[in-house]
Every structure is written in structure tokens, then in C-alpha cells.
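Descriptive analysis of the structure
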Amino acid sequence: MHDFTRRSLLQGGTALAAAGALTGPALLDFAKAWAQAAPWKAESGAKLTVMRWKRFVPAEDDAFNAMVAAFKTATGTEMNVFSESFEDVQPKASVAANTGSGLDLAWGLHTLPQLFPTKVLKMNDVADYLGKKYGGWTDAAQKTCMLGNDWLGIPVATIGGYMTYRKSAVEKAGFKEFPKDFPGFLELCKALKKNNTPAGFALGHATGDANAWLHWILWGHNAWTVDKDDKVIINSPETAKALDYCKQLSDTFIPGTASWNDGSNNKAFLAGELYCTANGISIYVAAKDDPKMKDLTEDTYHALWPVGPIGKPTELQLAVPILAFNFTKYPNAAKAFVAFMLEKENYDKWLTGARGYLTHTLNAYDNSPVWTADPKNAVFAQASRRALPASGIGKVGEKAATAIADFIVVDMFANYCTGAKDAKGAMAEAERQLKRIYR
């Protein structure tokens, strides 16, 4: 846990300057002017405890911390911020929601606000303020945080995940460019295995990675957990085809993917053991920052997800919404902080600090400098715009959020790919679990 002060902000100035963030007096002057004009005035003596996911790109964390410190100085709000792994964010937010204590704000994953619709502070005014000022929200981001006409949270960003691959290995496998459809992608993975340069995708409880690529395969076959009326339809011929396709893919993978978490593919790729995976830009950034990995950096490229038989993109990108609990004693301070995060003077610089790891959810940031700073960043700019909500074609809400949090789709594919269940058994188990949620 960190207690941010003006002194710590100024001490971090050099690193933040390298990340492109406002630092020192410039950031503080902006924050003070903003606090004076903002629609929300922090309560006297306000203290906010904020939980966020643990960063994968250090410069993003630096930029975020500087923003927090500036907000504290400008508004007089005490800010306590701590980080948790992806896997621990939702359980700890659930504890706070159930006990009515411990957190004021939770910056989490996927449709986290939908898990606690009666426990969150409505953010309609913040969403309207930001949306009108910055060109409106992307479709999936808006759906992620809305229940009826109410905003349960604010979609701060999307962590875009795309194909990360070694160009030399793909070319050696006989491909001049990364495949754009499912059959081509399977052939690539088979060739990579044959050349002892394997692909690998998480089949374990990796909140970001596993949910992303397995929903992509499911939806790409026009298979869905529920239909538009939330009727469970997972047990279908289309799902069976998705399972078969995934099994063929998984047979080409590097060993151990059944136990992978969200950091496993990063480590394997950077260690030279893995040649194709799906990930945020963090693998490339880590290689780029290590002088010993110059060859790996130059050989690492990114590509859009191939399109399945459905004929259009079916991407589940990792939304990272922030919510404030309605039991906070400082609702105005909470709203002010969330709005402050997404103001241009902060957000453009924060995106630069994140180096492509975070993708904007407000349309005005389409032309942010980070997307042209390095040609290999460009693909990630599309993440929020191309994404489907976590509910697929179903209704966004607590039930869809629960299905994601419970890894129902992930476990269905893992059970089949590891041989724990046959296709009928894997689909039937997923169907039973979904029907318990959608009853």
C-alpha cells in the first residue's frame, strides 16, 4: 500500500518524464486548476482506498502514481492505493462489497461493476461529463458498465490483447504474413510445432488471457453461452466445432498451458521458449527495455485476431472498469478522482506511459501519440473498438459477469483439450453451470 505525497511525486519526475507524463509543478498546476473548476468537490477530510490490478508495464504504474499524487495534493484527499494480481481483484472486491468496508474504489477487470449492481455508486454524471467532452464511448466499453440507463462504473481503458509472434518463426513455417482466418491459423500452429518453435495459449484460470482467446474461438464459430434473451445455448453443434478446433490447436502448444496464469506466456516468450501467443503489448515492451533482448525485440510483431467461420471479428478484450462502492463516505471525492483520471491532460500522457498496454475507451483519443510512436503499437489502438462485451450476444449484467468470473467457458475448453471430458460431457457441464446462473 502506498501513501502518495508531493515529495514522492517530485522524486519520480525523471522516470515519468521518460514516459511522457506531466511531472512536478506542471502536473500539480493542472491538478489544482482542475480541482477548482470540477463539478465534484472532494469532501473535507476525504480519504479514499483504491484497489487496482497489478501493473505489467512499469511506466504505466509510474504515470498512474503521479496522477494519484497530484490529485491528493490538489484536493486534499488522502489516497491509499494498493495492487493485486488479476486473479485476486474480483475476490477482494467481493469481500468489500459483502462487508461494506475496506475499499472505496476498485479498478478491476471485465464486467466487475455488474457483479455488485446494488453496491456501487451510480456514475451517470461522470459518464455524461466525460462522454460529451471526449467524443463518446466505444460500444463494448459502454455496455460493460451500464445496467439499463445507469452507469455502474466507468470504463477507464481496455487492455488490448493481440497475436504476439516471432516473425522469423512464422516465415520459416511458410507464411509471408500472419494468417487472417481460423484454418490458416491452425496450419501455422502445426507448422510452428513441427519446427520446434511452438505456440502456446493459457488453458488455466488466467483471467485475462484464457478468457480472451477461448471466447474468441467460441464466438468465432458462432457459438455462444446464451442468446439475446439470455437463454442458455452453449450445448450446440457450433460449440462442438469450436471444441474440436481448439483441441487441434492445443495439440500444437508448448507443454504446461493447462496450468498457465496471466504471466506464464510472458515468461515463456521472453525466455525464448514460445513463438506465438496472445497478449497485451507487455511482452514486447519488456523485451524492448532489455538491452540483452535486442534480437527478440526486432523479431517480435503483432497481428489482429484471425476471423472465424462467423466472418467478422469476435474479440473479447480485457476491459478494466473502475467502480466506487455506495458505502464510501466520500462519494464526491470518488467521482472527482475517476473523472480526473480520464481528462486529456492526464489520459493522453497516461496512454503514452502505458506504451500501448492500455487502449482508450473514449473516441477522442483515437489519435493519441502512443499509437504512432512505434509501428508495432498500432494494432492495439483497435482493441476497444473491435471488442464484443463479455456477454457476447447476451445481456450485459450480473449473470454474464458471474459466468466470466467463474471461468465456465475456460473450463469447458480445458476439460476437453486435456482429455478430462469428452465434447458432450464438457458442453453438458458448462450448460449445467450456466443454467444455475441464468435461472
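Residues numbered from 1 in each chain as written. Predicted model: local features only at pLDDT ≥ 70, side-chain atom pairs only at ≥ 80, totals over all residues. Heavy atoms only, no water.

1. A word on the packing of helix 9 (residues 182-194) against helix 11 (residues 237-250)
Put simply, the rule reads: Note on method: axes are straight lines fitted to C-alpha atoms, helices fitted across the in-contact stretch only, with angles between N-to-C directions ranging 0 to 180 degrees. Every helix listed is a DSSP run of H or I at least four residues long, and every strand listed is a run of E at least two residues long, numbered separately from the N terminus. For classification, angles of less than 35 degrees are called roughly parallel, those exceeding 145 degrees roughly antiparallel, those between 65 and 115 degrees roughly perpendicular, and all remaining angles oblique. When checking whether two residues touch, look at their non-hydrogen atoms; a contact exists if any pair is within 4.5 Å. Gly is put with the polar residues, along with every residue not named as nonpolar or charged; the nonpolar set is Ala, Val, Leu, Ile, Met, Phe, Trp, Tyr, Cys and Pro, and the charged set is Asp, Glu, Lys and Arg.
Remark: helix 9 packs on helix 11, axes separated minimally by 9 Å, with the N-to-C direction vectors making an angle of 25 degrees. On the basis of their axis angle, the class for helix 9 and helix 11 is roughly parallel. Residues F182, F185, L186, C189 and K190 of helix 9 lie in contact with helix 11, whose contacting residues are Y245, Q248 and L249. Taken together, the residues of the contact of helix 9 with helix 11 sort by class into 6 nonpolar, 1 polar and 1 charged.

2. Overview of the side chain of S384
Note the threshold: N or O atoms within 3.5 Å of each other form a polar contact, as long as, within protein, one can give a hydrogen and the other can take it, and as long as residues adjacent in sequence are counted only when both atoms are side-chain atoms.
Mapped onto the fold, S384 is located in helix 18 (residues 383-386). Looking at S384, its side chain comes within polar contact range of the side chain of T158, at 3.4 Å. Once residues within four sequence positions are removed from consideration, S384 is found in contact with T138, A140, A141, T158, T359, H360 and T361.

3. Remarks on the sheet that holds strand 8 (residues 162-166)
Convention followed: In this description, strands pair whenever DSSP reports at least two bridges between them.
The sheet built from 3 strands is open, its strands ordered 9-8-10 with antiparallel pairing. A single partner strand is all that each edge strand has here, and the edge strands are strand 9 (276-279) and strand 10 (300-303). Each adjacent strand pair in this sheet contributes to an overall mean axis angle of 30 degrees, direction not counted. Alignment of strand 8 against strand 10, held across 4 bridges, turns out to be antiparallel. The residue of strand 10 that forms the bridge with M163 is A303.

4. Section: the side chain of E343
Residue position: E343 is located in the loop between helix 15 (331-341) and helix 16 (344-354). Of the polar contacts made by the side chain of E343, one reaches the side chain of W34; its length is 2.7 Å. Dropping the residues within four chain positions of it, E343 is found in contact with F30, W34, Y129, K133, Y134 and Y365.

5. Brief notes about the environment of I281
Note the cut-off: For every residue, the accessible area (1.4 Å probe, protein chains only) is compared with the maximum for its type, and the residue is labelled buried under 20%, exposed over 50%, or partly exposed between those bounds.
On the secondary structure map, I281 appears in the loop between strand 9 and helix 13 (282-288). In this structure I281 comes out as buried when scored by relative accessible area, which is 0%. Here the alpha-carbon distance between I281 and N266, two residues 15 residues apart in the chain, equals 10.0 Å. With near-sequence residues (within four places) excluded, I281 lies in contact with G160, H302, A354, R355, G356, Y357, K376, N377 and F380.

6. Observations concerning the packing of helix 10 (residues 209-220) against helix 20 (residues 408-417)
Two elements in contact, helix 10 and helix 20, have axes whose closest approach is 9 Å; the angle formed by their N-to-C orientations is 75 degrees. With respect to helix 20, the element helix 10 is oriented roughly perpendicular. Seen from helix 10, the contacting residues are A210, N211, L214, H215, I217 and L218; seen from helix 20, they are V409, V410, M412 and F413. The class makeup of the residues in the contact of helix 10 with helix 20 is 8 nonpolar, 2 polar and no charged.

7. Re the pairing of strand 7 (residues 154-159)
In terms of burial, strand 7 is largely enclosed, as 6 of its 6 residues are buried. Bridging between strand 7 and strand 11 (residues 318-324) involves 5 bridges; their strand directions are antiparallel. Counterpart to I154 in the pairing with strand 11 is I322.

8. Describing the confidence of the model for the protein chain
Here is the rule we go by: The predictor's confidence in any single residue is recorded as pLDDT, a number from 0 to 100.
Here the protein chain averages 92 in pLDDT, while 95% of its residues score no lower than 70. Counting interchain partners and residues more than four positions distant, the pLDDT-below-50 stretch residues 1-21 has 44 contacts.

9. Describing unusual backbone geometry
Within the chain, N196 stands out as a residue other than glycine whose phi angle is a positive 60 degrees. Residue placement: N196 occurs in the loop between helix 9 and helix 10. With phi around 70 degrees, D230 is a residue other than glycine that occupies positive phi space. For D230, the location among the structural elements is in the loop between helix 10 and helix 11.

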